[in-house]
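Coordinates in review
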Amino acid sequence: MKLITCIIRPDKLDAVTDALDKQHIVGMTVTDVRGFGRQKGQVEHYRGGEYTIRFIPKVKLDVVVQDQDAEMAIATIGKVARTGNIGDGKIFVIDVSNAMRIRTGEKGTSAL
Amino acid sequence: MVNTLLEEPRATIPRASGGDARERSSMKLVVCIIRPESLEAVKELLDKLQFVGGMTITEVRGFGRQKGQVEHYRGEAYTIRFIPKIKVEVAVQEAHIEQVMTTIGSAARTGRVGDGKVFVMDMRSAVRIRTGEKGASVL
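**Focus: unusual backbone geometry**
Residue and element names in this part refer to chain A. Even without being a glycine, histidine 24 presents a positive backbone phi close to 60°. Within the fold, histidine 24 resides in the loop between α1 (13–22) and β2 (28–35). Its identity is not glycine, yet arginine 47 carries a phi of approximately 50°, on the positive side. Along the chain, arginine 47 turns up in the loop between β3 (42–46) and β4 (49–53). Assessed through the 4 C-beta atoms surrounding it within 10 Å, arginine 47 is described here as exposed.

This is the structure we're talking about:
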């Protein structure tokens with residue numbers, strides 16, 4: 001199993017959720033986060049002065065999938081979340097060695 | 001390769017091939033998504049386990065196969081897609097994983113849809129920031 005953890009623009013959440021739903025990936029956790037990449041934030045202007053917002057609001061989206069679905073999930077998320085502008089975010093993939101559905105106690109891939 | 005659970009990770013020794021040396025470690029990160037109202041029960045039961053040194057919680061939103069829940073307002077049905085949940089993270093040694101999963105399960109289970117899930121991931125290394133110590137003693 002793989003944990004696909006992505007940092008995306010907040011306004012892309014619904015589109016990504018819909019696209020994953022169409023691929024029959026159901027089940028995800030969303031966290032409100034703040035962050036920056038190589039650009040280290042963005043420069044804004046206010047009353048003629050410049051200031052840098054370092055931590056930009058983002059949404060972290062976590063989805064756990066079976067190994068064979070990982071590539072498809074990554075491709076789907078990437079395609080839908082991409083605007084081509086700096087700040088689109090990143091996708092990370094982490095191994096999950098076990099999983100359990102709390103309601104039933106089922107373990108392994110049947111927990112997904 | 002034998003996993004000696006109480007072993008401290010070895011100092012990194014460069015391999016002849018030039019590849020990265022790896023710390024030998026049997027630490028795991030347990031991440032669970034639970035109902036907010038289950039937090040107290042989960043925390044209490046985990047506190048009782050000697051080998052659980054601490055935990056981190058995060059407020060999250062999410063859904064599983066049911067894709068949220070249908071609510072009614074003034075006769076109309078609407079779907080709340082993302083339901084508030086709590087994420088609890090604990091780092092423990094591999095030998096304790098089964099017990100941690102059982103404990104969390106029994107504390108968080110109501111039998112209704114929305115109880116949540118537990119995930120287990122490998123953790124390569126751990127550092128205690130205050131002292132700089134590394135490895136299993138950090139947990």
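On we go.
**A word on the sheet that holds strand β1 (residues 2–8) of chain A**
Reading across the sheet, the nine strands line up as β6(A)-β1(A)-β5(A)-β2(A)-β2(B)-β5(B)-β1(B)-β6(B)-β7(A) and stay open at both edges, with antiparallel pairing between neighbours. In this open sheet, the two strands that pair with only one neighbour each are β6 (90–95) and β7 (98–101) of chain A. Sheet twist, expressed as the average angle between the axes of neighbouring strands with direction ignored, equals 25°. The sheet contact formed by β1 of chain A and strand β5 (residues 56–65) of chain A spans seven bridges and is antiparallel. Bridging from a neighbouring strand, cysteine 6 of chain A pairs with leucine 61 of chain A of β5 of chain A. Packed onto the sheet, helix α2 (residues 70–81) of chain A meets β1, β5 and β6 of chain A and runs at close to 5° relative to β1 of chain A.

**Focus on the interface of chain A and chain B**
Counting residues at the interface gives 20 residues for chain A, matched by 28 residues for chain B. Taken together, the elements giving at least two residues each to the side of chain A that touches chain B come down to β2, β6 and β7 of chain A. Taken together, the residues of the side of chain A that touches chain B sort by class into 11 nonpolar, six polar and three charged. Relative to strand β6 (residues 116–123) of chain B, β7 of chain A runs antiparallel, the two being bridged by four bridges. Each bridged residue has a counterpart across the sheet, and for alanine 99 of chain A the counterpart in β6 of chain B is phenylalanine 119 of chain B.

**Thoughts on the nonpolar core**
The biggest cluster of nonpolar side chains holds 46 residues, and the ones touching the most others in it are Val63 and Ala99 of chain A together with Val118 of chain B. Discounting chain neighbours no more than four positions away, the residues touching alanine 99 of chain A are Met1, Val64, Lys107, Gly108, Ala111 and Leu112 of chain A together with Lys117, Val118 and Phe119 of chain B.

**Some thoughts on the packing of helix α1 (residues 39–48) of chain B against helix α2 (residues 97–108) of chain B**
Residue and element names in this part refer to chain B. Where α1 meets α2, the closest approach of the two axes is 8 Å, and the angle between their N-to-C directions is 150°. Judged by the twist between their axes, the crossing of α1 over α2 is right-handed. Taking contact as the criterion, the partners of Ala41, Val42, Leu45 and Leu46 in α1 are, on α2, Thr103, Ile104, Ala107 and Ala108. Its residues placed into classes, the contact of α1 with α2 shows seven nonpolar, one polar and no charged.

**What about α2 of chain B?**
Helix length check: α2 of chain B, at 12 residues, gives a terminal C-alpha distance of 16 Å against a target of 16 Å (1.5 Å per residue), a fit within 8%. Among the residues of α2 of chain B, Val100, Met101, Ile104, Gly105 and Ala108 of chain B are the ones counted as buried. Looking down the long axis of α2 of chain B, one finds its buried residues gathered within 130° of arc, a one-sided arrangement. In this structure, the buried residues of α2 of chain B make contact with β7 of chain A together with β1 (27–34), α1, β5 (83–93) and β6 of chain B.

**Focus: the confidence of the model for chain A**
When pLDDT is averaged along chain A, the result is 93; 100% of the residues meet or exceed 70. The secondary structure element of chain A with the lowest average pLDDT is β3 of chain A, at 78, and the one with the highest is β1 of chain A, at 97.

About the criteria used
Residues numbered from 1 in each chain as written. Chains lettered and ligands numbered in written order. Predicted model: local features only at pLDDT ≥ 70, side-chain atom pairs only at ≥ 80, totals over all residues. Helix = DSSP H or I, 4+ residues; strand = E, 2+ residues; numbered from the N terminus. Buried ≥ 20, exposed ≤ 12 C-beta atoms within 10 Å, placed from the backbone. Pairing = 2+ DSSP bridges. Axes fitted to C-alpha atoms, helices over the stretch in contact; angles between N-to-C directions. Contact = placed C-beta atoms within 7 Å. Nonpolar A, V, L, I, M, F, W, Y, C, P; charged D, E, K, R; others polar. Core = buried A, V, L, I, M, F, W, Y, C linked by C-beta atoms within 7 Å. Left-handed = near helix turned anticlockwise from the far one by under 90°. Expected span 1.5 Å × (residues − 1). Arc of directions from axis to C-beta. pLDDT = per-residue confidence, 0-100.

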